[in-house]
Amino acid sequence: DVYKRQGINAEYGGERTRAVMQIVNIVNGDMNRIAYWQNGRGWIPVQGETTVWADGTTRIPSDEPPKRIFRVSVGLRISFQVLAGIGIIVALVVLYFVFLWRNKSVMRAASPFFMVLMLVGVLMGYSMVFLFSAENDKFTCVFNPWFGHTAFFLVFGSLFAKTWRIWQVFKASEELKILKITNLAVFYWVLGFASLGWTVLVIWMIVSRPTPELIADDVNLTIVYQKCHTTVLFYSILYALEFLCLIIGVFVSYKVRTVRITRFNESTWIALCIYSISMLAIIGLPAVYLLGLSPNIIYVIQAASFLFCTSLVLGLLYVPKIMFIVKG
């Protein structure tokens, strides 16, 4: 019979089946499995197993080729960090104008407090580019999920909560009622949504905290990648929660579409943000988590996604208001 490897499949006895790839260490006739192949991740070492070499010791022979940790291209990192730095400067300038013109009718209609809260999330989003540029270690593997998802909660939780208030106020006015919803009441909604995400994050860190691990290259075993290893379950739960938030955003933006006072109606800009981010997530997430791409490509997808999303929010929801005030 012919047995040959074809990707993760094999042909054995004329039948196509799944290949089991593993490395075993033969010691005194006993075969100890020390590593196994996992599609998309490469060779995975077996925890608790050590390699016994030909001299009967666990010391690595001097003639073993040295391993080199692959790092993201310096040019790529600098390029995206420069763009993120420009974005941070622009966001800080916008933050200054929001505070300066907080009593202008356009700014008051958009709720300055929540505009500031969203800008905090935007600044965190740009900062993620710098975090992606760092080495995957015990700190970044844990900190990045907290920072990135919190940025989403602040931006879109605030945006949809304040839009919900506009819907409720104008709905009451159509019924000849006066309804007052304070910033504090709206903030409770934002805090409640963020708390759901933070609860998932806390459980995640307790059950399956992300840890750095070295993954051998598929072709050159002397090159290893450093990745954060964890279960995809909690990623899935968080992305499902954020997708639910976007669905709520579609609903409330649809409800305020008939508001005739332009400065209160952001439904068009919200819809554009949701559509663009949803398309990006549909394309980007499977590429990062399922295709086993190289670190350079993964970095480009992650950094470009955060740059695009934060710049989109900044450009669609803030710049038009500032231009409106500047033009009088």
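Just above, that's the structure.
Residues numbered from 1 in each chain as written. Predicted model: local features only at pLDDT ≥ 70, side-chain atom pairs only at ≥ 80, totals over all residues. Heavy atoms only, no water.

For this particular structure, what's the right way to read the overall build of the protein?
Helix and strand counts for the protein stand at nine helices and nine strands. Counting the 328 residues in the protein, one finds 39% classified as buried. Sequence-distant contacts, at least 24 apart, represent 65% of the contacts inside the protein between residues at least 6 apart. Carbon and sulfur atoms make up 65% of the accessible area of the protein, which totals about 19,100 Å². (Helix = DSSP H or I, 4+ residues; strand = E, 2+ residues; numbered from the N terminus. Buried < 20%, exposed > 50% of the residue type's maximum accessible area, 1.4 Å probe, protein only. Contact = heavy atoms within 4.5 Å. Areas by Shrake-Rupley, 256 points an atom, 1.4 Å probe, with all protein chains shown as cover.)

What exactly am I supposed to notice about the environment of L272 here?
Along the chain, L272 turns up in helix α7 (residues 267-290). What makes L272 partly exposed here is its relative accessible area of 38%. L272 sits 41 residues away from V313 along the chain, and the two C-alpha atoms are 9.5 Å apart.

Please explain the packing of aromatic side chains as it appears in this structure.
For the structure shown, the criterion picks out 16 aromatic pairs. The interplanar angle of 85° and the centroid separation of 5.0 Å between the aromatic rings of F113 and F114 together place this pair among those described as edge-to-face. Its relative accessible area of 41% is what places F113 among the partly exposed residues. Taken together through their ring pairs, the aromatic side chains of F152, F153, F156, F160 and F193 make up a single cluster. (Phe/Tyr/Trp six-rings, centres within 6.5 Å; stacked < 30°, edge-to-face > 60°.)

So what exactly am I meant to see when it comes to the nonpolar core here?
In summary, soluble globular proteins display a tendency toward joint burial of nonpolar side chains. In this structure, F156, F160, V313, L314 and Y318 are the most contacted members of the largest nonpolar core, which totals 69 residues. Looking at this core, the elements with two or more residues in it are α1 (74-100), α3 (112-133), α4 (138-174), α5 (183-207), α6 (232-255), α7, α8 (295-317) and α9 (319-326). (Core = buried A, V, L, I, M, F, W, Y, C linked by side-chain atoms within 4.5 Å.)

Would you mind going over a nonpolar patch on the surface with me for this structure?
On the surface, V74, I78, V82, L83, I86 and V90 cluster together into a nonpolar patch covering about 520 Å² of accessible area. For V90, the position within the fold is in helix α1. Overall, V90 belongs to the partly exposed group, its relative accessible area being 38%. (Patch = residues over 30% accessible without salt bridge, like charges linked within 9 Å, V, L, I, M, F, W, Y side chains within 5 Å. Salt bridge = Lys/Arg side-chain N within 4 Å of Asp/Glu carboxyl O.)

Before we go on, may I ask you to explain the packing of α3 against α4 in this structure?
Describing two packed helices takes the angle between their axes plus the distance from one axis to the other. Between α3 and α4, the shortest axis-to-axis distance is 8 Å and the interhelical angle comes to 155°. By the angle between their axes, α3 is roughly antiparallel relative to α4. Regarding α3 and α4, the two cross each other, and that crossing is left-handed. Across from F114, L117, M118, V120, G121, V122, M124, G125, S127, M128, L131 and F132 in α3, the residues of α4 making contact are F143, N144, F147, G148, T150, A151, L154, V155, S158, L159, K162 and R165. Broken down by class, the residue content of the contact of α3 with α4 amounts to 15 nonpolar, seven polar and two charged. (Axes fitted to C-alpha atoms, helices over the stretch in contact; angles between N-to-C directions. Parallel < 35°, antiparallel > 145°, perpendicular 65-115°, else oblique. Left-handed = near helix turned anticlockwise from the far one by under 90°. Nonpolar A, V, L, I, M, F, W, Y, C, P; charged D, E, K, R; others polar.)

Is there a simple way to think about α5 in this case?
The α-helix winds at 3.6 residues per turn, so residues separated by three or four positions along the chain end up facing the same way. Taking 1.5 Å of rise per residue, the 25 residues of α5 would be expected to cover 36 Å, and the 36 Å separating its terminal C-alpha atoms lies within 8% of that figure. Those residues of α5 that sit buried are V186, V190, F193, A194, G197, V200, L201, W204 and M205. On its buried face, α5 is in contact with α3, α4 and α6. (Expected span 1.5 Å × (residues − 1).)

Can you help me understand α1 in this one?
The terminal C-alpha atoms of α1 lie 39 Å apart, and with 27 residues this matches the ideal 39 Å at 1.5 Å per residue to within 8%. All buried positions along α1 are accounted for by F80, A84, G87, I88, A91, V94 and V98.

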